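# Descriptive analysis of the structure
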Amino acid sequence: MLIGNVGKDPEIRYLEQNSPNSAKKATFTLATTERYRDRNGETRERTEWHNIVAWRNNADIVERFVRKGTQLYIEGKLRSSSWDGQDGVKHYTTEIYVDTLQLLGRRADNPGAYQGTASDIQSPARPAAAPGYAPSPSRGPAAGQSSEAIDIDIPGDDLPF
C-alpha cells in the first residue's frame, strides 16, 4: 500500500498497436516521502521512488485522470525482474503492479483531472462512499467527450472519511 505523488506524466502503451480492443498498460513513477527526527532532533525527509504499472481498467483511469503531481493511493504486488544489458552487466528492477487505485486530495489539487460528462464521474477509482466526484479542469475533454461542465456541490474536502 502506497500513498504518494506522481513524478511524471504516465506513459500509455497498447499490446497490439492496431487493435481497438487491445490491453492497455500505464507506467509512471510515484514518490513517497518519509519524515523523521534524527538524533539531534532535526527533521529529516527521505523520498523513495517507485515504478508503477497499471493494466486495463486501472490504465484507463490513469490515462484519463493522472498527471504529474496527482496524489494517489495504490495497492498492488511487487514484481522484480532482471536482464543482461548490452554491456554484459546484469540489471535489476522492481515494479508495483496495481490492484487498487484511488485518486486522493481535493479536486483543485489534482493537476491531471478535467471535467467531463456524467459518465466520467463514476469510475472504479472512486469509492462508492464519495459519489459525485468530478475532477477539476486543467486539460480539455478527451476525444469524443462533451466539454459541458457539470455543476456538483461538494464540501471543501471530498474524502470519504
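Since the structure is predicted, the reported quantities are computational estimates derived from the model, not experimental observations. (Residues numbered from 1 in each chain as written. Predicted model: local features only at pLDDT ≥ 70, side-chain atom pairs only at ≥ 80, totals over all residues. Heavy atoms only, no water.)

### A few points about the overall build of the protein chain
Threshold: Only DSSP runs of H or I reaching four residues or more are called helices, and only runs of E reaching two or more are called strands; each is numbered from the N terminus. Think of it in three bands: with a 1.4 Å probe and only protein chains considered, a residue is buried below 20% of the maximum accessible area for its type, exposed above 50%, and partly exposed in between. Contact criterion: two residues are considered in contact whenever any of their non-hydrogen atoms come within 4.5 Å of each other. Computed by Shrake-Rupley with a 1.4 Å probe, the accessible areas treat only the displayed protein chains as cover when residues are assessed.
What the protein chain contains, in helices and strands, is 2 helices and 6 strands. Listed by position from the N terminus, the elements making up the protein chain come as β-β-β-β-α-β-β-α. Residue burial in the protein chain is summarised as follows: out of 161 residues, 33% are buried. Partitioning the contacts of the protein chain with sequence separation of at least 6, the portion at a separation of at least 24 is 61%. Taken as a whole, the protein chain presents about 10,300 Å² of accessible surface, with 46% of it coming from carbon and sulfur.

### Overview of the pairing of strand β5 (residues 71-84)
To keep things clear, this is the line we draw: Pairing between strands is defined by DSSP: at least two bridges between them are needed.
Judged from the 4 bridges that link them, strand β1 (residues 2-6) and β5 form a sheet pairing that is antiparallel. For Gly-4, the partnering residue across the bridge sits in β5 and is Leu-72. Linking β5 to strand β6 (residues 90-103), which pair antiparallel, is a turn of 5 residues; within it Gly-88 sits at a positive phi near 85°.

### Here we look at helix α1 (residues 56-65)
Rules: By construction, the arc corresponds to the directions joining the helix axis to the C-beta atoms.
Listed as buried for α1 are Asn-58, Ala-59, Ile-61, Val-62 and Phe-65. One face of α1 carries all of its buried residues, which in axial projection span an arc of 160°.

### Side note on the pattern of salt bridges
Put simply, the rule is: What makes a salt bridge here is a side-chain nitrogen of Lys or Arg within 4 Å of a carboxyl oxygen of Asp or Glu, nothing more.
Under the definition given, this model contains 8 salt bridges. One salt bridge in this structure joins Glu-11 and Arg-13, with 2.6 Å as the shortest N-O distance. Here Glu-11 falls in the partly exposed class, since its relative accessible area comes to 37%. Residue classification places Arg-13 among the exposed residues on the basis of a relative accessible area of 53%. Among the salt bridges present, the one from Arg-44 reaches Asp-38, with a minimum N-O distance of 3.0 Å. Each of Lys-24, Asp-60 and Glu-63 takes part in one network of salt bridges that share partners.

### Brief notes about the packing of aromatic side chains
Note the following rule: When the centres of two rings from Phe, Tyr and Trp lie within 6.5 Å, Trp using its six-membered ring, the rings pair. Their planes under 30 degrees apart give stacked, over 60 give edge-to-face, and anything left gives tilted. Whether a charge sits over a ring comes down to the Lys NZ or Arg CZ being within 6 Å of the ring centre and within 35 degrees of the ring normal.
Under the criterion given, the structure shown has 0 aromatic pairs. Directly above the aromatic system of Tyr-97 lies the positively charged group of Arg-79, at a separation of 4.8 Å from the ring centroid.

So, to be careful, I would describe these as geometric facts and stop short of saying anything about function.
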